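Here is how the chains run, residue by residue.
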Amino acid sequence: MSLPQTADVVVIGAGAVGAACAYFAARAGLKVAVVERGAIAGGTSSACEGNILVSDKEAGPELTLSQYSQQLWRTDLAEFGHLWEFESKGGLVVSAKAGTQENLARLAERQRAAGIDVELIDAAGLSDFEPQLNPALVGGAFYPQDAQVQPMLAAAHLLRMARGMGATVHPNTQVTGFVRSGEAVTGVQTTRGIISAPAVVNAAGTWGGAVAELARVNVPVLPRRGFVMVTEPLPVLVRHKVYAAEYVDNVASSDAGLQTSPVVEGTDGGTILIGSSRERVGFDKTFSPRVLAEMAGKAIALFPFLADVKALRSYFGFRPYCPDHLPVIGHDPRAPGLWHACGHEGAGIGLSTGTGALIAASLTGKDAAIDTAPFAPERFEELVNA
Ligand SMILES: Cc1cc2nc3c(=O)[nH]c(=O)nc-3n(C[C@H](O)[C@H](O)[C@H](O)COP(=O)(O)OP(=O)(O)OC[C@H]3O[C@@H](n4cnc5c(N)ncnc54)[C@H](O)[C@@H]3O)c2cc1C
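Please read all numbers here as calculations on a predicted model, not as lab measurements.

Student: Help me understand the sheet that holds strand β18 (residues 328-331), please; the structure alone is not making it clear to me.
Tutor: Whether parallel or antiparallel, the strands of a sheet pair through hydrogen bonds between backbone atoms. The strand order β8-β2-β1-β12-β19-β18 describes an open sheet built from 6 strands, whose pairing is mixed. Because the sheet does not close on itself, it has two edges, and the strands there are β8 (168-170) and β18. Direction aside, neighbouring strands of the sheet carry axes that sit 20 degrees apart on average. As judged from the 3 bridges shared by strand β12 (residues 199-202) and strand β19 (residues 338-342), these two strands associate in the parallel manner. Within the sheet, the bridge partner assigned to V201 lies in β19 and is W339. Helix α9 (residues 352-363) rests against β1 (9-12), β12, β18 and β19 of the sheet, and its axis sits at about 170 degrees to β19.

Dropping the structure here:
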């Protein structure tokens, strides 16, 4: 399809976040053009899991965004849930030590005060949720609101629905620069031509910093690598998203070194997905047996039956990480006409809907449904100037 010469808004990136921005902007009546340098959902959205979690978030702005996003997945978009295999499976967080369980109980208390449903489980109660769990675990917490989608299907269908409302989607079209009028951004230069638009949304995920640089603004998104292991298909042996309580600390950590914590979940197809690892090694694409061995050992400690199960394959992706672990969402006053919707680290699938709706509201001058100040793009200026 040839590029349009003009649009109301150009969205850069066709991952889960760009797709949600395109969908909500088109629904708000805007003429949208999505440009993607590769294939639809060819970035991190095809190299992840699809959990929509509230359980792993401390009370604060990211949890608020996750509650808003949950509401959109579950109400606004509920009728389409089957298209992206939405499953409200619930999350079970487990503790191997009494001290860990005490910390988990305190976290649960703070989350409950913020409106999250969470039930503390004692050691005896764990097997009611997951009969295959290691009986040595001392307790846990169950989060019924945790859910899952198939991320590539979500991105593809949101884009298809946006097209149904007049949007155009252009794969194999890389943004190489911005068209400017003074400081204002007035369009994009791409490998296939120019599109003029009064609004451009940077939804380039882990590459959001590089795209921002093309507009001469600093948005410090860095890659944080993560592996996932996939087992052979099995009958249903893991019913929920199950992970160890220390996962929450690893998510919140800014340590560049390797961190692994067991995350185990079944899929509709019968395979079991095993995570998780986090390390800041740039865009290093070297396969790491050491990381996979560590993840496998920890997963077996949670579910001993996994010791006899074959892993079929593994893959990795680069989470879009910001130093304060918050995404970048909103208009950039340093480059008027440029909006950012990137840097969602390990939660961009879950947070995509809220992000898309906030961007659409901002583009059309509507009030935001939640406070967006913590996500402001210019918040990093203080870091740069410090
Ligand atoms: C191992 C792992 C597990 C994860 N598990 C989960 C999970 O369970 N739940 C969850 O919510 N999140 C999870 N994540 C995080 C999630 O994958 C990301 O936050 C999310 O995919 C980001 O989506 P995005 O649309 O912002 O980025 P992407 O999907 O990377 O999309 C950005 C797109 O921009 C394009 N692009 C870049 N530069 C340009 C340019 N110059 N011109 C045009 N196009 C450009 C790229 O090609 C890419 O397709 C996980 C990540 C990893 C690595």
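That covers the picture; the talk isn't over yet.
Student: In this structure, what is going on with helix α5 (residues 151-164)? I would like to understand it.
Tutor: Given 3.6 residues per turn, any residue in an α-helix points the same way as the ones three and four places further on. In this model, α5 (14 residues) spans 20 Å end to end at C-alpha, consistent with the 20 Å of a helix rising 1.5 Å per residue. Among all positions of α5, only P151, A154, A155, H157, L158, L159, M161 and A162 are buried. Turning to α5, the residues buried within the fold contact α1 (16-27), β2 (32-35), α2 (61-76) and β8. The backbone nitrogen of M152 has a side-chain oxygen 2.9 Å away, supplied by the residue at the start of α5, namely Q150. With its phi angle positive at about 105 degrees, G166 sits one or two positions after the end of α5.

Student: In this structure, what is going on with the pairing of strand β15 (residues 259-266)? I would like to understand it.
Tutor: Every other side chain in a regular strand lies on the same face of the sheet, so the side chains alternate between the two faces. Of all the 8 residues making up β15, 8 are buried; the element is thus mostly covered by neighbouring parts of the structure. Where strand β14 (residues 241-244) meets β15, 2 bridges bridge the pair, whose relative direction is antiparallel. Looking at the pairing, Y243 lines up with V263 of β15. Sheet analysis places β15 next to strand β16 (residues 272-278), joined by 6 bridges and oriented antiparallel. Residue G266 lies in a different strand from β16, and its bridge partner there is I272.

Student: Help me understand the site of the ligand in this model?
Tutor: Of all residues adjacent to the ligand, which total 36 residues, the nearest are E36, T44, S45, N51 and E345. In this structure, A16 approaches the ligand through a main-chain N or O atom, which is 3.2 Å from an oxygen atom. Protein burial of the ligand: of its 1000 Å² of free accessible surface, 96% is covered by the chains. Those elements giving two or more residues to the shell around the ligand turn out to be α1, β13 (222-231) and β17 (311-321). In terms of residue count, the dominant contributor to the shell around the ligand is β17 (4 residues). Classifying every residue of the shell around the ligand by side-chain character gives 16 nonpolar, 15 polar and 5 charged.

Student: Help me understand the packing of α1 against α5 in this model?
Tutor: How two helices pack is summed up by the angle between their axes together with the distance between the axes. Where α1 contacts α5, the axes come no closer than 8 Å and their chain directions differ by 25 degrees. One element, α1, and the other, α5, form an angle in the roughly parallel class. Both α1 and α5 take part in a crossing whose hand is left-handed. Where α1 abuts α5, its residues A16, A19, A20, A22, Y23 and A26 lie against A155, L158, L159, M161 and A162. Residue classes in the contact of α1 with α5 are distributed as 11 nonpolar, no polar and no charged.

Student: Just checking my understanding: could you explain the sheet that holds strand β10 (residues 184-190) for this structure?
Tutor: Within the open sheet, the 3 strands sit side by side as β9-β10-β11. Their pairing is antiparallel. Unpaired on one side and paired on the other, β9 (175-181) and β11 (193-196) mark the two borders of the sheet. Strand-to-strand twist in this sheet, taken as the mean axis angle between neighbours without regard to direction, amounts to 30 degrees. For β10 and β11, the ladder comprises 4 bridges, and the chain directions are antiparallel. Counterpart to V188 in the pairing with β11 is I195.

Student: What should I look at first to understand the confidence of the model for the protein chain in this one?
Tutor: For the protein chain, per-residue confidence averages 95 on the pLDDT scale, and 98% of positions sit at 70 or higher. Element-level mean pLDDT values for the protein chain span from 59 in helix α10 (residues 381-385) up to 99 in β1.

Student: Explain α1 to me, please; I cannot follow it from the model alone.
Tutor: Over its 12 residues, α1 extends 16 Å from the first C-alpha to the last, a length consistent with the 16 Å expected when each residue adds 1.5 Å. In terms of burial, α1 is a largely internal element, 11 of the 12 residues being buried. For α1, the full list of buried residues reads A16, V17, G18, A19, A20, C21, A22, Y23, F24, A25 and A26. Backbone geometry just downstream of α1 places G29 in the positive-phi region, at approximately 95 degrees.

Student: Would you explain the pattern of salt bridges in this entry?
Tutor: Overall, the coordinates contain 12 salt bridges when judged by the stated rule. Among the ionic pairs, E109 bridges to R112, the shortest N-O distance being 3.1 Å. Separated by 3 residues within a single helix, E109 and R112 lie in helix α3 (residues 98-113), roughly one turn from each other. The partner of D324 in a salt bridge is R379, with the nearest N and O atoms 2.7 Å apart. Within this pair, whereas D324 is found in the loop between β17 and β18, its partner R379 is found in the loop between α9 and α10, the two being separated by 55 residues in sequence. Overall, D324 belongs to the partly exposed group, its relative accessible area being 33%. R379 gets classed as buried once you look at its relative accessible area, which sits at 18%.

Rules behind the numbers
- Residues numbered from 1 in each chain as written.
- Predicted model: local features only at pLDDT ≥ 70, side-chain atom pairs only at ≥ 80, totals over all residues.
- Heavy atoms only, no water.
- Pairing = 2+ DSSP bridges.
- Helix = DSSP H or I, 4+ residues; strand = E, 2+ residues; numbered from the N terminus.
- Axes fitted to C-alpha atoms, helices over the stretch in contact; angles between N-to-C directions.
- Contact = heavy atoms within 4.5 Å.
- Expected span 1.5 Å × (residues − 1).
- Buried < 20%, exposed > 50% of the residue type's maximum accessible area, 1.4 Å probe, protein only.
- Polar contact = N/O pair within 3.5 Å; in protein donor to acceptor, adjacent residues only side chain to side chain.
- Near = heavy atom within 4 Å.
- Areas by Shrake-Rupley, 256 points an atom, 1.4 Å probe, with all protein chains shown as cover.
- Nonpolar A, V, L, I, M, F, W, Y, C, P; charged D, E, K, R; others polar.
- Parallel < 35°, antiparallel > 145°, perpendicular 65-115°, else oblique.
- Left-handed = near helix turned anticlockwise from the far one by under 90°.
- pLDDT = per-residue confidence, 0-100.
- Salt bridge = Lys/Arg side-chain N within 4 Å of Asp/Glu carboxyl O.

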